Amino acid sequence: MIRRPRVLIMLPDGGLSLVAGIVAGMGQAARIVALVPSLAVGAAERGGAGRVVADLAAGLPVADGAVDMVAGSGIVPADPTRLLDEACRVLTRSGQVVFTVTMAHLRQPVCELPGLTDDDARRIGRAVGAAVAQGPHPWDALIEVMSTGRPGLRPADVTVMEMTDDLDHQGVEEYLYASTPISPSPVAAVRADLDVRAARRFEAACHRAVDVHGALRLRSPVVCLRAWRAA
């Protein structure tokens, strides 16, 4: 009888796409022992068995050595050291921690934007890229702690993957007008660096891509940090 790996999944607000792919990479069906939608103080969340809200200061709601993987997406803990120590505590001796962070501020269209000249596309791309802040990122502390290691946990391997999203018209609106903690929205960036007319052309071209290509395809870098429990 093949034992299914036990997985503790941490998510800021639900959504399993990236984590599901990581778990599938274990090579067999996994048994999810808990979903942790946030690391805030709170009682058990309604809406499904095994779904809990964890108070990190009080410890994760899992027994010592109970899981084979702690997987998370979009986790930006205030105390990454505490999070890693807790993850190490609940892992089996051969267990691993895998966290992914989508670099939403670096998303960019990878399909043709109808209605823009090549020069327009270059200028708009430069405007959006130039608006990305070069200062500290919210997840820097987690990457640093995982990269340097903790007692009982080997330093993490850090790899960068790429994720693509196909957006409909609603998704295009969300992309164009959503800011991140370290960058303005794409429309705001183009408006500030170029002008209002360029921002309008950019918006119209993104929507036209949905009509012409069936979707606006975006590519986002994804940082993946993977560490193993030290024997």
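See the structure printed just above.
Parameters at a glance
Starting from 1, residues in each chain are numbered consecutively following that chain's sequence as written. It should be noted that, the model being predicted, local features are given only for residues of pLDDT at least 70 and side-chain atom pairs only at 80 or more, the latter also being counted only at that level, while totals for whole chains, interfaces and linings use all residues. Hydrogens and water molecules were not included; the side-chain quantities draw on all heavy atoms of the structure. Helix numbers and strand numbers start at the N terminus; a helix is a DSSP run of H or I with at least 4 residues, a strand a run of E with at least 2. With a 1.4 Å probe rolled over the protein chains alone, any residue whose accessible area is under 20% of its type maximum counts as buried; one over 50% counts as exposed, and the rest are partly exposed. The contact rule is simple, with two residues in contact once any of their heavy atoms fall within 4.5 Å. Shrake-Rupley sampling with a 1.4 Å probe provides the accessible areas, and residues are treated as covered by the protein chains on show and by no other component. Throughout, nonpolar core names a set of buried Ala, Val, Leu, Ile, Met, Phe, Trp, Tyr and Cys residues whose side chains join them through atoms within 4.5 Å. Note that the arc is defined by the directions from the helix axis to the C-beta atoms. Basic side-chain nitrogens of Lys or Arg form a salt bridge, by our definition, when they fall within 4 Å of a carboxyl oxygen of Asp or Glu. Under the rule applied, a polar contact is a pair of N or O atoms within 3.5 Å (in protein, one hydrogen donor and one hydrogen acceptor; residues adjacent in sequence only if both atoms are side-chain atoms). A fitted line through C-alpha atoms represents every axis, and for helices the fit uses only the stretch in contact; the resulting angles, taken between N-to-C directions, go from 0 to 180 degrees. Roughly parallel means an angle under 35 degrees; roughly antiparallel means over 145; roughly perpendicular covers 65 to 115; every other angle is labelled oblique. Helix crossings are classified by the rotation of the near helix relative to the far one: an anticlockwise turn of less than a right angle makes the crossing left-handed, while a clockwise turn makes it right-handed. Any residue outside Ala, Val, Leu, Ile, Met, Phe, Trp, Tyr, Cys, Pro, Asp, Glu, Lys and Arg is labelled polar, Gly included; the first ten of those are nonpolar and the last four are charged.

Colleague: Would you take a moment to explain the overall build of the chain for this structure?
Modeller: Along its length, the chain carries seven helices and seven strands. Along the chain direction, N to C, the helices and strands of the chain fall in the order β-α-β-β-α-β-β-α-α-β-α-α-α-β. For the chain, buried positions account for 42% of its 231 residues. Considering only contacts in the chain between residues 6 or more positions apart, those separated by 24 or more positions represent 80%. As displayed, the chain offers around 11,800 Å² of accessible surface, 52% of which is attributable to carbon and sulfur atoms.

Colleague: When you look at the nonpolar core in this model, what are you seeing that I'm missing?
Modeller: Burial of nonpolar side chains together is a common tendency in soluble globular proteins. Residues Leu8, Met10, Val67, Val70, Val97, Phe99 and Met146 are the most contacted members of the largest nonpolar core, which totals 30 residues. When contributions to this core are tallied by element, the ones reaching two or more residues are β1 (6–10), β3 (67–73), α2 (80–90), β4 (91–102), α4 (140–148) and β7 (216–228). Sorting elements by how many residues they give to this core places α2 first, with five residues. When near neighbours in sequence (up to four residues on either side) are disregarded, methionine 146 contacts Leu84, Val97, Phe99, Pro155, Ala156, Leu225, Arg226 and Ala227.

Colleague: How do you make sense of α4 when you look at a structure like this?
Modeller: Side chains that are three or four residues apart share a direction in an α-helix, a result of its 3.6 residues per turn. Three or more residues of α4 are buried, namely Leu142, Ile143, Val145 and Met146. Along the axis of α4, the buried positions cluster into a sector of 165°, meaning they face one direction only. Opposite the packed face of α4, turned more than 90 degrees from it, sit the exposed residues Glu144 and Thr148. Considering only its buried residues, α4 is in contact with α2, β4 and β7.

Colleague: Could you clarify how one ought to interpret the pattern of salt bridges in this entry?
Modeller: If the charged atoms of two oppositely charged side chains come close together, the side chains can form a pair. Within this structure, the stated rule accounts for eight salt bridges. Of the charged contacts in the structure, one is a salt bridge between arginine 89 and glutamate 86, with a shortest N-O distance of 2.8 Å. Within this pair, arginine 89 and its partner glutamate 86 are both found in helix α2, separated by three residues, close to a single helical turn. For arginine 89, a relative accessible area of 26% corresponds to the partly exposed category. Two residues, arginine 219 and glutamate 162, come together in a salt bridge whose shortest N-O distance is 3.2 Å. Here the residue arginine 219 occupies a position in strand β7, and glutamate 162 occupies one in strand β6 (residues 157–167), the gap between them amounting to 57 residues.

Colleague: Where do I start with the side chain of serine 73 in this structure?
Modeller: Locating serine 73 in the fold gives a position in strand β3. A polar contact of 3.4 Å, which involves the side chain of serine 73, links it to the side chain of threonine 100.

Colleague: Sorry, what's going on with the side chain of serine 183 here?
Modeller: Mapping serine 183 onto the fold places it in the loop between α5 (169–177) and α6 (186–193). Serine 183 gets classed as buried once you look at its relative accessible area, which sits at 10%. Reaching out from serine 183, the side chain makes a polar contact with the side chain of threonine 180 at a distance of 2.8 Å. Dropping the residues within four chain positions of it, serine 183 is found in contact with His105, Ala131 and Val132.

Colleague: Mind showing me how you'd approach the packing of α2 against α4 here?
Modeller: Angle between the axes and distance between the axes are the two parameters that describe a pair of packed helices. At a closest axis distance of 9 Å, the pairing of α2 and α4 adopts a crossing angle of 45°. Relative to α4, the element α2 is oriented oblique. Relative to α4, the crossing made by α2 is right-handed. When α2 is examined against α4, the residues Pro80, Thr81 and Leu84 are found in contact with a partner set consisting of Ala141, Leu142, Val145 and Met146. Residues of the contact of α2 with α4, tallied by class, amount to six nonpolar, one polar and no charged.

Colleague: Hey, could you run me through the environment of alanine 66 in this one?
Modeller: As for its position among the elements, alanine 66 is in the loop between β2 (31–36) and β3. Look past the residues within four positions of alanine 66 in its chain and what remains in contact with it is Arg6 and Val90.

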